[in-house]
Amino acid sequence: MNETYTLHVAGLTRELKKVRVAPNLRIASFVMLGDTRLIERCADALYEEIKKLGTIEMLVCPEAKGIPLTHALAVRMGVDYVVARKSVKGYMEHPIIAEVKSITTTEKQIIVIDEFDAAKLSGKRVCVVDDVVSTGGSLRSLEEVLAKTGCTVVSKVAVLLEEGGYSKDDLIYLERLPVFKDQ
Ligand SMILES: Nc1ncnc2[nH]cnc12
């Protein structure tokens, strides 16, 4: 049985470890954290797409794996970004919260933006950034939260779209990622 999946993205190649997430389902684990070259190349490639979208005033990403990519994109665009958190922190006031369903996490998850970050987004044209979109559960919850901040989500971008999950055609992505079902 093949234990890795060879991914070609943004001119680079990476061997992704296949990991089991359900009795009959394995995914190819894509973790960009710490992979400087991959983050920079993917940011270059996504920036070429984002440039075509008109004015974007802020980026937003769910924590955690997409944060360095979002930072790299924000530098290229000359904008700031908000990181939506996955738990309510002690310093947050009036957090806006939505529940999430995810295939990589079994426990109940939430997406949170606090009042301070929500104010930065209010009235802005924003783009949502993520490393990999699978079921789209995090995206949906993030959009639920963003709707309450008064911003406009102009676009959603990701490095990878995992097959068999999110099916709306409003996501800009670089490559598709297969999932592996056991017979
Ligand atoms: N293939 C994958 N690798 C890392 N995180 C994920 N989240 C959903 N699918 C994933």
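Residues numbered from 1 in each chain as written. Predicted model: local features only at pLDDT ≥ 70, side-chain atom pairs only at ≥ 80, totals over all residues. Heavy atoms only, no water.

Per an unreviewed UniProt entry, the chain goes by the name Adenine phosphoribosyltransferase and belongs to Cloacibacillus porcorum.

Attention now goes to the pairing of strand S6 (residues 96–100). On S6, burial follows the alternation: Ile-96, Ala-98 and Val-100 on one face are buried, whereas Ile-97 and Glu-99 on the facing-out side are not. Both S6 and strand S7 (residues 109–113) contribute to a ladder of five bridges, which runs antiparallel. Of the residues in S7, the one forming a bridge with Ile-97 is Val-112. (Buried < 20%, exposed > 50% of the residue type's maximum accessible area, 1.4 Å probe, protein only. Helix = DSSP H or I, 4+ residues; strand = E, 2+ residues; numbered from the N terminus. Pairing = 2+ DSSP bridges.)

A few words on the pattern of salt bridges. By the definition in use, this model includes 15 salt bridges. The partner of Arg-76 in a salt bridge is Glu-40, with the nearest N and O atoms 2.8 Å apart. Of this pair, Arg-76 sits in helix H2 (residues 67–77) while Glu-40 sits in helix H1 (residues 36–50), placing them 36 residues apart in sequence. A residue is classified by how much of its surface remains accessible, and Glu-40, at 35% relative accessible area, is partly exposed. One salt bridge connects Asp-117 with Lys-120, and the closest N-O pair in it is separated by 3.0 Å. On the criterion of helical spacing, the pair formed by Asp-117 and Lys-120 is a turn pair, its members being three residues apart in helix H3 (residues 115–121). Using a relative accessible area of 16% as the deciding quantity, one classes Asp-117 as buried. (Salt bridge = Lys/Arg side-chain N within 4 Å of Asp/Glu carboxyl O.)

With their axes 9 Å apart at the nearest point, H1 and H2 run at an angle of 50 degrees to one another. Accordingly, the angle class assigned to the pair H1 and H2 is oblique. Like other packed secondary-structure pairs, H1 and H2 cross with a definite hand, here right-handed. Every residue of H2 that contacts H1 at Ile-39, Glu-40, Cys-42, Ala-43, Asp-44, Leu-46, Tyr-47 and Ile-50 is listed here: Pro-68, Leu-69, Ala-72, Leu-73, Arg-76 and Met-77. Each residue belonging to the contact of H1 with H2 can be placed in one class, and the counts come to 11 nonpolar, no polar and three charged. (Axes fitted to C-alpha atoms, helices over the stretch in contact; angles between N-to-C directions. Parallel < 35°, antiparallel > 145°, perpendicular 65-115°, else oblique. Left-handed = near helix turned anticlockwise from the far one by under 90°. Contact = heavy atoms within 4.5 Å. Nonpolar A, V, L, I, M, F, W, Y, C, P; charged D, E, K, R; others polar.)

Tracing the backbone shows Val-19 in strand S2 (residues 12–22). Taking C-alpha positions, Val-19 is 9.0 Å from Thr-4, a pair spaced 15 residues apart along the chain. When residues no more than four places from it in sequence are discounted, the contact partners of Val-19 are Leu-25, Arg-26, Ile-27 and Ser-29.

If you look at the biggest cluster of nonpolar residues, it comprises 31 residues, and the most contacted ones within it are Phe-30, Met-32, Leu-59, Leu-69, Leu-73, Val-159 and Leu-160. For this core, the secondary-structure elements that each account for two or more residues are strand S1 (4–9), S2, H1, strand S4 (58–62), H2, strand S8 (125–133) and strand S9 (152–162). In terms of residues, this core owes the most to one element, H1, which gives six residues. If we skip the residues at most four places from it in the chain, Leu-160 touches Leu-7, Val-9, Phe-30, Asp-131, Val-132, Val-133, Tyr-173, Glu-175 and Leu-177. Core analysis: the next-biggest nonpolar cluster, separate from the first, contains 23 residues, Val-82, Val-126, Leu-139 and Leu-142 among them. (Core = buried A, V, L, I, M, F, W, Y, C linked by side-chain atoms within 4.5 Å.)

Here the focus is the site of the ligand. Taken together, 10 residues form the shell around the ligand, and within it Ala-28, Phe-30, Lys-65, Glu-162 and Leu-177 come nearest. One of the backbone nitrogen or oxygen atoms of Phe-30 is found 2.8 Å away from a nitrogen atom of the ligand. In the environment of the ligand, a nitrogen atom lies 2.7 Å from a nitrogen or oxygen atom belonging to the side chain of Glu-162. About the coverage of the ligand: the protein hides 91% of its 260 Å² of free accessible area. Considered class by class, the residues forming the shell around the ligand number five nonpolar, three polar and two charged. (Near = heavy atom within 4 Å. Polar contact = N/O pair within 3.5 Å; in protein donor to acceptor, adjacent residues only side chain to side chain. Areas by Shrake-Rupley, 256 points an atom, 1.4 Å probe, with all protein chains shown as cover.)

This part is about the side chain of Asp-114. Along the chain, Asp-114 turns up in the loop between S7 and H3. Buried Asp-114, no salt bridge; nearest opposite-charge side chain is Lys-120, N-O distance 7.2 Å. A polar contact of 3.1 Å, which involves the side chain of Asp-114, links it to the backbone nitrogen of Asp-117. (Lys, Arg positive; Asp, Glu negative; His and termini not counted.)

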